[in-house]
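# Results of the structural survey
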Amino acid sequence: MARPFPYLLLPSLWASRNRARRRERGDFSRALLFGGVAIGVCAALYQGSFWLTGQLADYEELGDYLLRIGLSWLFLTFLSFLAFSGVVTALSTFFLADDLRLLLVAPIATRRLFHARFARTVIQASWMVVIFLAPVLLGVGRARCAGAAFYAMALLTVVPFVVIPVAAGAALTLLLVNTFPARRARDLLMLMGLLFAASLVVVLRVIRPEQLLRVESLPDVTGFFATLQSPATPLLPSFWAGETLFATLRGGRDLLHVAALWTTALASVVIVRMANERWYFSGFSRSQEAPKARFARFRAIDAVVHALPMSPVRRQLLIKDVKIFLRDVSQWSQLLLLLALVLLYLYNFRVLDLQRIPYMSGFVKSVYALVNLGMAGFVMATVAVRFVFPAVSSEGAAFWIVRTSPIAMRDFLWSKFWAGLVPVLLLTELLTIVANQFLGVDPFLEIASAAAILCMSFALVGLAMGLGARYPRFGADPSQVAGSYGGVAFMVEAVMFVIVMILLVGWPSSLYLTQQLRGQPLTSSQQLLTAGCVVTALALSASVWLASMRSGVSALERMSD
């Protein structure tokens, strides 16, 4: 008797169980840190949705109208995330998973294998969305004093809602894998990342939320709400989900949209299954072809690196790291998402209208400049833990070649440091300078922020490289390395360092701007304090940078002994 398809999910469950039973160094601290952050975020989402829904309840029909649109927009936002995540996850589970070579030669029916892979894809692509969506719906239900029927309907709504975009993503992955003649996962994710980033910027520009901050735009509020409602078309699953939950909040039943969700979800699964039975094996065969190493003969990389004042050994190591990075699918896709977030971040500073409060605009600009410095530091730490910290671990099983080759560990680690420093420095400096230009802050604060970013770049990249060499995980992918004990330790130290640097920059900057506003020069004590803060910031950055690199080199040399 054939076993049902959930039997194929048992290896994943057993692997998770064994990982939970196997205790590694830093498991408790990592679980405590990430668990605390997750609980804090969920609590903030719950409280925010509860407060906002309660405020809307005071406006009767207008409040109901805004809540209805808000639910549609909430599901529309998650719909785009699920569609993109479905493409990325389906590419991994259906075509690039390591266990597929064993499963495809086993006596397993194609339909059973599809159901198991699709269930795994839905879970992996939607668990983060469900975690963020659940506290929001709980807060809305509590604010409207909803009964058990609302929460049951929320469950019946979310399940088909997450299946539909993931099925669409799986179908798109199947189509693209069969269309391209080779394993073009990098090109696929680059295209999807660009479309995702462009859609975020376009949607934000269409909404134009900044007009609500202007008094002269109040007569156009009706047009604003019309624009806000325009993307919520009745043909999207997000609209069906929002209408279903809104009707339940008001004590009614919207069976039409519930039926639309479930029938569309079931039909999409059936259609994707039929396409999978027809084209899966041809797509899997194409996906196993070696990708074209178009960057292997890209002479521009060699020319640029050879122009750098570096030793021949470090130069060749740098060329190797750059070409490996350009071939890595996960690096490209996450960089494109990061670019989208950076554009949205800069857009928020662009639409700030601080001239409406001219008597406080100078003070507010200075505060925003320091906030921008802190945010740039946190962005730098996030980028470093994801791309710089796993640099040593990314060598994987081939690290033995480095250990047995006539290459000093100092040259090996410093070549990776310079490869990580340049993009991190350019990104954060651009982020800081452009945001300060949008704000129109004082030139002194612009120079101070740019100098602080320069110091923090050397320190944080060196800290990430040193801890990455001390706590490597050669058998894990970069995302797992970033969440290891060393990655958690780096984030804690990086946050503390950024806070200290903000204090060292902000205090003397505030003294200078205050004295300038009064039309008075700095006193002798204030000049000494400013000089002391500058020297302390430089010394702290240099000590963190050099000490971390020395520690990383020593750890690699002990590993080679």
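These numbers were taken from a predicted model, which means no experiment stands behind them. (Residues numbered from 1 in each chain as written. Predicted model: local features only at pLDDT ≥ 70, side-chain atom pairs only at ≥ 80, totals over all residues. Heavy atoms only, no water.)

### Considering the overall build of the protein chain
The cut-off we apply is this: Secondary structure is summarised from DSSP: a helix means a run of H or I of at least four residues, a strand means a run of E of at least two, and numbering begins at the N terminus for each. Exposure classes here rest on a 1.4 Å probe applied to the protein chains alone. A residue is buried below 20% of its type maximum, exposed above 50%, and partly exposed in between. By the convention used here, residues are in contact when the closest approach between their heavy atoms is within 4.5 Å.
Scanning the protein chain from N- to C-terminus turns up 20 helices and zero strands. Relative to its 561 residues, the protein chain shows a buried fraction of 45%. For the protein chain, the proportion of contacts with a sequence separation of at least 24, taken over those separated by at least 6, is 81%.

### Focus: the pattern of salt bridges
When the charged atoms of two side chains lie near each other, side chains of opposite charge can form a pair. Stated precisely, the cut-off is as follows: Salt bridge criterion: a side-chain nitrogen from Lys or Arg within 4 Å of a carboxyl oxygen from Asp or Glu.
If you walk through the whole model with that rule in mind, you get one salt bridge. The residue E277 makes a salt bridge to R111 at a minimum N-O spacing of 3.0 Å. Of this pair, E277 sits in helix α10 (residues 255–287) while R111 sits in helix α5 (residues 110–143), and the two are 166 residues apart along the sequence. On the basis of relative accessible area, E277 is assigned to the partly exposed category, the value being 35%.

### Points about the packing of aromatic side chains
The description of two aromatic rings rests on the distance between their centres and on the angle between their planes. Operational definition: Note on aromatic contacts: the rings of Phe and Tyr and the six-membered ring of Trp form a pair at centre separations within 6.5 Å, being stacked when their planes are under 30 degrees apart, edge-to-face when over 60 apart, and tilted otherwise.
Applying the stated criterion to the full structure yields 16 aromatic pairs. Ring geometry for F417 and W545: centres 5.9 Å apart, planes at 20°, overall stacked. Within this pair, whereas F417 is found in helix α16 (residues 409–439), its partner W545 is found in helix α20 (residues 524–560), the two being separated by 128 residues in sequence. Residue F417 is classed as buried on the basis of its relative accessible area of 0%. Here W545 falls in the buried class, since its relative accessible area comes to 19%. With 6.3 Å between their ring centres and 85° between their planes, W418 and F458 make a pair best called edge-to-face.

### With respect to the environment of T536
Mapping T536 onto the fold places it in helix α20. Along the sequence, T536 and L504 sit 32 residues apart, while their C-alpha atoms lie 7.7 Å from each other.

### Focus on the packing of helix α6 (residues 148–179) against helix α9 (residues 237–249)
Operational definition: Interaxial angles span 0 to 180 degrees and are taken between N-to-C directions of axes, which are lines fitted to C-alpha atoms, for helices over the stretch in contact. Any angle from 65 to 115 degrees is called roughly perpendicular, while one under 35 is roughly parallel, one over 145 is roughly antiparallel, and all others are oblique. Note that Gly is not counted as nonpolar here; it falls among the polar residues with everything else outside the nonpolar set of Ala, Val, Leu, Ile, Met, Phe, Trp, Tyr, Cys and Pro and the charged set of Asp, Glu, Lys and Arg.
In contact at an axis separation of 10 Å, α6 and α9 are set at 175° when each is read in the N-to-C sense. Of the possible angle classes, the one that applies to α6 and α9 is roughly antiparallel. Contacts between α6 and α9 involve A149, F150, M153, A154, T157, F161 and I164 from the first element and P237, S238, A241, T244, L245, T248 and L249 from the second. Counted by class, the contact of α6 with α9 contains ten nonpolar, four polar and no charged residues.

### Observations regarding the packing of α16 against helix α17 (residues 443–470)
Counted only if it meets this: Two helices crossing with the near one rotated counterclockwise from the far one by less than a right angle form a left-handed crossing, whereas a clockwise rotation gives a right-handed crossing.
In contact at an axis separation of 9 Å, α16 and α17 are set at 150° when each is read in the N-to-C sense. One finds that α16 runs roughly antiparallel with respect to α17. Between α16 and α17 lies a crossing whose hand is right-handed. Residue classes in the contact of α16 with α17 are distributed as 13 nonpolar, eight polar and three charged.

### Quick look at the nonpolar core
So the rule is basically this: Only buried residues count toward a nonpolar core, which is a set of Ala, Val, Leu, Ile, Met, Phe, Trp, Tyr and Cys residues joined through side-chain atoms within 4.5 Å.
Of all hydrophobic cores here, the largest spans 55 residues; its most connected members are F118, F161 and L245. Elements represented by at least two residues in this core include exactly α3 (60–96), α5, α6, α9 and α10. With 14 residues, the top contributor of residues to this core is α3. Look past the residues within four positions of L245 in its chain and what remains in contact with it is L71, F75, L137, F150, M153, A154 and T157.

### Quick look at the side chain of S449
By secondary structure assignment, the location of S449 is in helix α17. Overall, S449 belongs to the buried group, its relative accessible area being 1%. Other than its neighbours up to four places away in sequence, S449 contacts L373, T432 and N436.

### Thoughts on the side chain of S548
Stated formally: In protein, a polar contact means a hydrogen-donor-capable atom and an acceptor-capable atom, both N or O and within 3.5 Å, with residues adjacent in sequence counting only if both atoms are side-chain atoms; elsewhere, any N or O pair within 3.5 Å suffices.
Within the secondary structure layout, S548 lies in helix α20. By relative accessible area, which is 11% here, S548 ends up buried. Here V544 takes part through its backbone oxygen, which lies 2.6 Å from a polar atom of the side chain of S548. Discounting chain neighbours no more than four positions away, the residues touching S548 are G462, L463, G466 and S543.

### Describing α16
Selection rule: For a helix, the expected span equals 1.5 Å multiplied by the residue count minus one.
Here α16 is 31 residues long and its end C-alpha atoms lie 45 Å apart, about the 45 Å a rise of 1.5 Å per residue gives. The positive-phi residue at the C-terminal boundary of α16 is G440, with phi of around 70°.

### Describing a nonpolar patch on the surface
What counts here: Excluding any residue in a salt bridge, patches collect residues exceeding 30% relative accessible area, merging like charges within 9 Å and nonpolar Val, Leu, Ile, Met, Phe, Trp and Tyr side chains within 5 Å. For the area figures, the Shrake-Rupley method with a 1.4 Å probe applies, and any residue is considered shielded solely by the protein chains shown.
Residues V37, V41, W127, M128, I131 and F132 make up a contiguous nonpolar surface patch of about 510 Å² in total accessible area. Here the nonpolar patch gets four residues from one element, more than from any other, and that element is α5. Assignment of secondary structure puts W127 in helix α5. On the basis of relative accessibility, which here comes to 44%, the residue W127 falls in the partly exposed class.

### Some remarks on the confidence of the model for the protein chain
Quick reminder of the rule: You can read pLDDT as the predictor saying how much it trusts each residue, on a scale of 0 to 100.
Mean pLDDT over the protein chain: 76, with 74% of residues reaching 70 or higher. Within the model, pLDDT remains below 50 along residues 215–231, and this stretch shows 22 contacts once partners closer than five positions in the same chain are excluded.

### Regarding the environment of V371
Mapped onto the secondary structure, V371 falls in helix α14 (residues 361–388). The class of V371 is partly exposed, set by a relative accessible area of 41%.

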